[in-house]
Amino acid sequence: MSGQVHPPARLLMGPGPINADPRVLRAMSAQLVGQYDPAMTAYMTETMALYREVFATANEQTFLVDGTSRAGIEAALVSLLEPGDRVLVPVFGRFGHLLVEIAERCGAQVHTIEVPWGEVFAPEQVEAAVAAVRPKLVAVVQGDTSTTMCQPLADLGEICRRHDALLYCDATASLGGNAFATDAWGLDVVTAGLQKCLGGPSGSAPITISERAVDVIEARKHVEAGIREPGDTARGTRIASNYLDLAQVMDYWGPRRLNHHTEATTMLYGARECARLLVEEGLDAAVARHALHGRAMLEGVRGLGLGVFGDVAHKMHNVVAVEIPDGVDGDATRAALLADFGIEIGTSFGPLHGRVWRIGTMGYNARRDAVLTTLAALEQVLRAAGAPVTAGGGVGAALEVYA
């Protein structure tokens, strides 16, 4: 019989997941309480308030979807979309394609616009497509880790309102490490995950929902027969998923505390601590920290003589795509970095597979020692692979950023 799990020591410097903040892990070791215990409902209420600050919103409906970040995405789309609804997805990487697939599974008529991987959309490109498609919903990723690009969002909310469309954003990879302003940017629904800049484990998906999006979801509300009360009249087309039915989940988190599922207590402890630490640090300070260490990593890989993929002016703070040098086996080099130094960096997908490594500096790992250690180790495995790197160039260039 095997013993307890004993994971090897790893420094996770890929595009996520990253090493969870030890304070988050300590919070998650706390004992369970019942889901209607006054302490538990108080934690839920506190978590809602904390994530309003994280999302920069006044939305009452701000809470957690139990599941990984993809559960949050599916909950948003399945609750907003009915079969036949028109959806526009601006695709600039793998996770735009994911939004397309999920919307198609909802029965929506999905329209896309695309730019080459490594680029982002200008507002006028999005507006032209919105005017042509007339969608009910525009669904966009802010930070797509497959390309490392960060889509500007500030103008998209106004565009969508002008054309009477809802705006959904997947901020899984970017929230907490890049500027984000739900209300100021006119975003209707935003979902995220803990395992990137929020510094926690995968398994909980924070979500915030505007009043006009709440109206769309509530218009499809169907309370389960076993808990239905007088006045709970069925409305509209029933949301296709029970577990991800946001109309029911809102009642679970709201004043009615209407039973839906058993809250994932340990994940709630972790998600609450992720948000508490971020609010304690200050959102602007956290974004500045990610920008500093991301810039140090960027200049560090350049200092080694490596190329960087994509439009760096629109790169996320927290991940960089490094071009694999000619003649270097990318997977073998990653394996050597893991075996010899205990450091994990990422490969990529689709047209970038085998062309770039993705190196993250996010959450708990957005710190000086993690950046310098990764650069020093990367130099050694590249040297062993025969790549003509600049001796000490990576650490030296990063130190200049920190000077």
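Here the structure is a predicted model, which means the values were calculated and not measured.

Colleague: In this structure, what is going on with the packing of helix α3 (residues 69-80) against helix α4 (residues 94-105)? I would like to understand it.
Modeller: Two quantities define a packed helix pair, namely the angle between the helix axes and the distance between the axes. Between α3 and α4, the least distance of the axes is 10 Å, while the angle of their chain directions is 45°. Put simply, α3 runs oblique to α4. Where α3 crosses over α4, the handedness of that crossing is right-handed. On the side of α3, the interface is formed by Arg 70, Ile 73, Glu 74 and Leu 77, while α4 contributes Arg 94, Leu 98, Leu 99, Ile 102 and Ala 103. Tallied by class, the residues present in the contact of α3 with α4 amount to six nonpolar, no polar and three charged.

Colleague: Looking at this structure, how should I read the pairing of strand β3 (residues 86-91)?
Modeller: Of all six residues in β3, five are buried, a share of seventy percent or more. As judged from the six bridges shared by β3 and strand β4 (residues 109-114), these two strands associate in the parallel manner. Counted as the bridge partner of Val 91 is Glu 114 from β4. The β-α-β motif built from β3, the intervening α4 and the parallel element β4 has right-handed crossover chirality. Relative to strand β5 (residues 137-141), β3 runs parallel, the two being bridged by two bridges. Residue pairing across strands places Leu 88 opposite Val 138, the latter belonging to β5.

Colleague: Mind showing me how you'd approach the side chain of Asp 85 here?
Modeller: Position of Asp 85 among the secondary structure elements: in the loop between α3 and β3. One polar contact links Asp 85 to Lys 136, side chain to side chain, over a distance of 2.9 Å. Ignoring any residue separated from it by four or fewer positions in sequence, one finds Asp 85 in contact with Leu 80, Ala 108, Gln 109 and Lys 136.

Colleague: What's the story with the sheet that holds strand β10 (residues 204-209) in this structure? I'm lost.
Modeller: The strands that make up a sheet pair up through hydrogen bonds in the backbone, lying either parallel or antiparallel. Spatial strand order, β2-β10-β9-β8-β5-β3-β4: seven strands in an open sheet with mixed pairing. The sheet terminates laterally at β2 (61-66) and β4, the two strands that pair on one side only. Pairwise comparison of adjacent strand axes, ignoring direction, gives a mean angle of 20° for this sheet. The sheet strands contacting helix α7 (residues 211-218) are β2, β8 (166-170), β9 (189-191) and β10, and the helix crosses β10 at an angle near 105°.

Colleague: Help me understand the side chain of Ser 204 in this model?
Modeller: Inspection of the secondary structure assignment puts Ser 204 in strand β10. Taking relative accessible area as the criterion, Ser 204 reaches 1% and is therefore assigned buried. Those residues within four positions of Ser 204 in sequence are excluded, and the remaining contacts are Leu 64, Val 65, Gly 67, Thr 68, Ala 192, Gly 193, Leu 194, Met 267 and Ala 271.

Colleague: Just to check I follow, could you spell out the nonpolar core for this structure?
Modeller: Ranked by size, the top nonpolar core spans 90 residues in total, and within it Tyr 51, Phe 63, Phe 180 and Ile 209 carry the most contacts. For Phe 63, the contacting residues outside a window of four places in its chain are Met 48, Ala 205, Pro 206, Ile 207, Ile 209, Leu 246, Val 249, Met 250 and Trp 253. Membership of the second largest hydrophobic core comes to 31 residues, among which are Ile 345, Val 371, Ala 398 and Val 401.

Colleague: I would appreciate a short explanation of α7 in the present structure.
Modeller: Think of an α-helix as turning once every 3.6 residues; residues three or four places apart then point the same way. All buried positions along α7 are accounted for by Ala 213, Val 214 and Ile 217. Down the axis of α7, the sector holding all buried residues measures 105°, keeping them to one side. Within α7, the exposed residues directed more than 90 degrees away from the buried face are Glu 211 and Asp 215. Here the buried face of α7 lies against β2, α3, β8, β9, β10 and α8 (246-253).

Colleague: Sorry, what's going on with the pairing of β8 here?
Modeller: Counted residue by residue, β8 has five buried out of five residues, so it is predominantly covered. Side-chain alternation along β8 places Leu 166, Tyr 168 and Asp 170 on one buried face and Leu 167 and Cys 169 on a second face that is also buried. Bridge count between β5 and β8: five bridges; the pairing is parallel. What sits directly across from Ala 139, in β8, is Tyr 168. Note that β8 and β9 share three bridges and pair parallel. Following the sheet pairing, Tyr 168 is matched in β9 by Val 189.

Colleague: Would you mind showing me how to read the pattern of salt bridges here?
Modeller: Between side chains of opposite charge, a pair can form as their charged atoms come close. Per the counting criterion, the structure on display carries 21 salt bridges. By sharing partners, the salt bridges in this structure join Glu 218, Lys 221, Glu 229, Asp 232, Arg 235, Asp 251 and Arg 256 into a single network.

Colleague: Is there a simple way to explain unusual backbone geometry in this structure?
Modeller: Most peptide bonds take the trans form, and the phi angle of most residues other than glycine is negative. Looking along the chain, the bond that leaves Gly 16 and enters Pro 17 is cis, with omega of 5°. You can see Pro 17 is positioned in the loop between β1 (11-12) and α1 (22-28). Positive phi outside glycine occurs at Arg 134, with the angle close to 55°. Inspection of the secondary structure puts Arg 134 in the loop between α5 (123-133) and β5. Owing to a relative accessible area of 43%, Arg 134 belongs among the partly exposed residues under this scheme. Look at Thr 148: it is not a glycine, yet its phi comes out positive at around 75°. Examined against the element boundaries, Thr 148 turns out to sit in the loop between β6 (143-144) and β7 (149-150).

The rules we used
Residues numbered from 1 in each chain as written. Predicted model: local features only at pLDDT ≥ 70, side-chain atom pairs only at ≥ 80, totals over all residues. Heavy atoms only, no water. Axes fitted to C-alpha atoms, helices over the stretch in contact; angles between N-to-C directions. Helix = DSSP H or I, 4+ residues; strand = E, 2+ residues; numbered from the N terminus. Parallel < 35°, antiparallel > 145°, perpendicular 65-115°, else oblique. Left-handed = near helix turned anticlockwise from the far one by under 90°. Contact = heavy atoms within 4.5 Å. Nonpolar A, V, L, I, M, F, W, Y, C, P; charged D, E, K, R; others polar. Buried < 20%, exposed > 50% of the residue type's maximum accessible area, 1.4 Å probe, protein only. Pairing = 2+ DSSP bridges. Right-handed = clockwise from strand over helix to strand, strands pointing away. Polar contact = N/O pair within 3.5 Å; in protein donor to acceptor, adjacent residues only side chain to side chain. Core = buried A, V, L, I, M, F, W, Y, C linked by side-chain atoms within 4.5 Å. Arc of directions from axis to C-beta. Salt bridge = Lys/Arg side-chain N within 4 Å of Asp/Glu carboxyl O.

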